[in-house]
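Summary of the model geometry
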Amino acid sequence: MGTIVSLTLPDAPNAADAVAAVERRFRAFDERFSLYNPDSELSQVAEGKLGLTDSSDELRSTYASALRWRDDTGGAFTPHRPDGVIDLNGTVKALAMQTAAEELLGLGFSDWCLNAGGDVLCAGHQPNGASWRVGVVDPTDRAVLLFTIPVDGTRHAVATSGSAERGDHIWTMMATDRSYLQVTVVADDIETADVLATTIVAGGPSAFASVVERWSVDVLTVAHDGALTATSGLRAALARS
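Quick look at the structure, then. (Residues numbered from 1 in each chain as written. Predicted model: local features only at pLDDT ≥ 70, side-chain atom pairs only at ≥ 80, totals over all residues. Heavy atoms only, no water.)

On to the overall build of the chain, then. What the chain contains, in helices and strands, is 6 helices and 9 strands. Against the compact-globule benchmark of 18 Å for 241 residues, the chain has a radius of gyration of 18 Å, which places it among compact chains. Projected onto its principal axes, the C-alpha positions of the chain cover 55 × 50 × 30 Å. Counting the 241 residues in the chain, one finds 44% classified as buried. Of the contacts made within the chain by residues no fewer than 6 positions apart, 58% connect residues no fewer than 24 positions apart. For the chain, the accessible area works out to roughly 11400 Å², and carbon and sulfur atoms hold 50% of it. The averaged location of the 32 negative side-chain charges in the chain is 2 Å from the averaged location of its 18 positive side-chain charges. (Helix = DSSP H or I, 4+ residues; strand = E, 2+ residues; numbered from the N terminus. Rg over C-alpha atoms; globule rule 2.2 N^0.38 Å. Buried < 20%, exposed > 50% of the residue type's maximum accessible area, 1.4 Å probe, protein only. Contact = heavy atoms within 4.5 Å. Areas by Shrake-Rupley, 256 points an atom, 1.4 Å probe, with all protein chains shown as cover. Lys, Arg positive; Asp, Glu negative; His and termini not counted. Charge placed at Lys NZ, Arg CZ, Asp CG, Glu CD.)

Here it is in structure tokens:
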């Protein structure tokens, strides 16, 4: 997936098993969906060596889910590159995180924090009993934290999208609005958070308004001039922090 994955766990006898389970999950998604790997199933589809209709049920169902996100966001989110190649990186990282989370819960871990390329999924609490806190960096200076978001209650997924770290890697079916340099979304699940963060970066203020009207999420945006905007729930959470 071209990114780094980290896992924070309490000290436990089966911690190594948990790490291995998470690695297996991410490796399986990478082997099927990575366009960095020429031997992956999706790369074979992209190169025309495998027909989409002949691909696995998992690939086709993941693609269908991404198409539903495209339709739900009016094309602001899309699983297609400008050249038409199917690129499912917009959802598969989140799906890998979710299946890894299921592994951790199945192994009896109720307190953990999983970070994949800056997208964070948490459960329970830190070892000291405090809520997990997710730091969001300044897109103009990656050594500086803009703020930290306390993660508690039902919303335990935080995703940040923008071009400051990985360059301009966001494609959309609609005319892009570059009002926001970076967008952070807090949601109940990591797939929703990740997709909607990308949607708002691509669609700008109109997408922001549509997202907060239609989905139960909190959003914080960073404009190119450094101005911050946040939904009321996130403003309240930051005020308490």
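Moving on from the model shown.
With that out of the way, let us pick up the packing of aromatic side chains. A complete count under the given rule lists 3 aromatic pairs for this structure. With 6.4 Å between their ring centres and 50° between their planes, tyrosine 180 and phenylalanine 208 make a pair best called tilted. A residue pair is termed long-range when its members are at least 10 positions apart, and tyrosine 180 in strand β7 (residues 180–187) and phenylalanine 208 in helix α5 (residues 190–214) qualify at 28 residues. On the basis of relative accessible area, tyrosine 180 is assigned to the buried category, the value being 12%. Given the relative accessible area of 14%, phenylalanine 208 is considered buried. (Phe/Tyr/Trp six-rings, centres within 6.5 Å; stacked < 30°, edge-to-face > 60°.)

Right, let's talk about the nonpolar core for a bit. Phe26, Leu88, Trp112, Val183, Val185, Ile200 and Val217 are the most contacted members of the largest nonpolar core, which totals 47 residues. The residues contacting valine 217, other than those within four sequence positions of it, are Arg155, Val185, Val186, Ala187, Thr192, Leu196 and Val211. Listed in part, the 15 residues of the second largest apolar core include Cys113, Cys122, Trp132 and Val222. (Core = buried A, V, L, I, M, F, W, Y, C linked by side-chain atoms within 4.5 Å.)

This part takes up α5. For the α-helix, the turn length of 3.6 residues means that residues three or four positions removed from each other point alike. In this model, α5 (25 residues) spans only 17 Å end to end at C-alpha, well below the 36 Å of a helix rising 1.5 Å per residue. Its axis deflected by about 140° at glycine 204, α5 carries its strongest bend there, up to four residues before the proline proline 205. Among the 25 residues in α5, 18 count as buried, and that is most of the element. You can read the cap of α5 off the contacts: a side-chain oxygen lies 3.3 Å from the backbone nitrogen of glutamate 191, and it is on aspartate 189. (Expected span 1.5 Å × (residues − 1). Bend = angle between axes of the 7 residues up to and from the residue. Polar contact = N/O pair within 3.5 Å; in protein donor to acceptor, adjacent residues only side chain to side chain.)

Attention now goes to the sheet that holds strand β3 (residues 119–123). Within a sheet, adjacent strands bond to each other through the backbone by hydrogen bonds, running parallel or antiparallel. In space, the 7 strands of this open sheet follow the order β1-β2-β3-β6-β7-β8-β9, with antiparallel pairing throughout. Each edge of the open sheet carries a strand with a single partner, namely β1 (5–8) and β9 (228–230). Taken pair by pair, the neighbouring strands of this sheet meet at an average axis angle of 10°, ignoring direction. One ladder, built from 2 bridges, connects β3 with strand β6 (residues 157–162); its direction is antiparallel. Bridge pairing in β6 links valine 120 to valine 158. The strands touched by helix α4 (residues 89–106) within the sheet are β1, β2 (112–116) and β3, with β2 carrying the most contacts at an inclination of about 160°. (Pairing = 2+ DSSP bridges. Axes fitted to C-alpha atoms, helices over the stretch in contact; angles between N-to-C directions.)

What follows concerns the state of the cysteines. Taken as a whole, this structure holds 0 disulfides when the rule is applied. You can see cysteine 122 has no disulfide; the closest cysteine sulfur is in cysteine 113, sitting 3.2 Å from it. (Disulfide = S-S within 2.5 Å.)

This next bit is on the environment of alanine 197. Among the secondary structure elements, alanine 197 is positioned in helix α5. The exposure class assigned to alanine 197 is buried, which follows from its relative accessible area of 0%. Along the chain, alanine 197 and glutamine 182 lie 15 residues apart, while their C-alpha atoms are 8.5 Å from each other. Alanine 197 has contacts with Ala159, Ser161, Val183 and Val185, leaving out every residue within four places of it along the chain.

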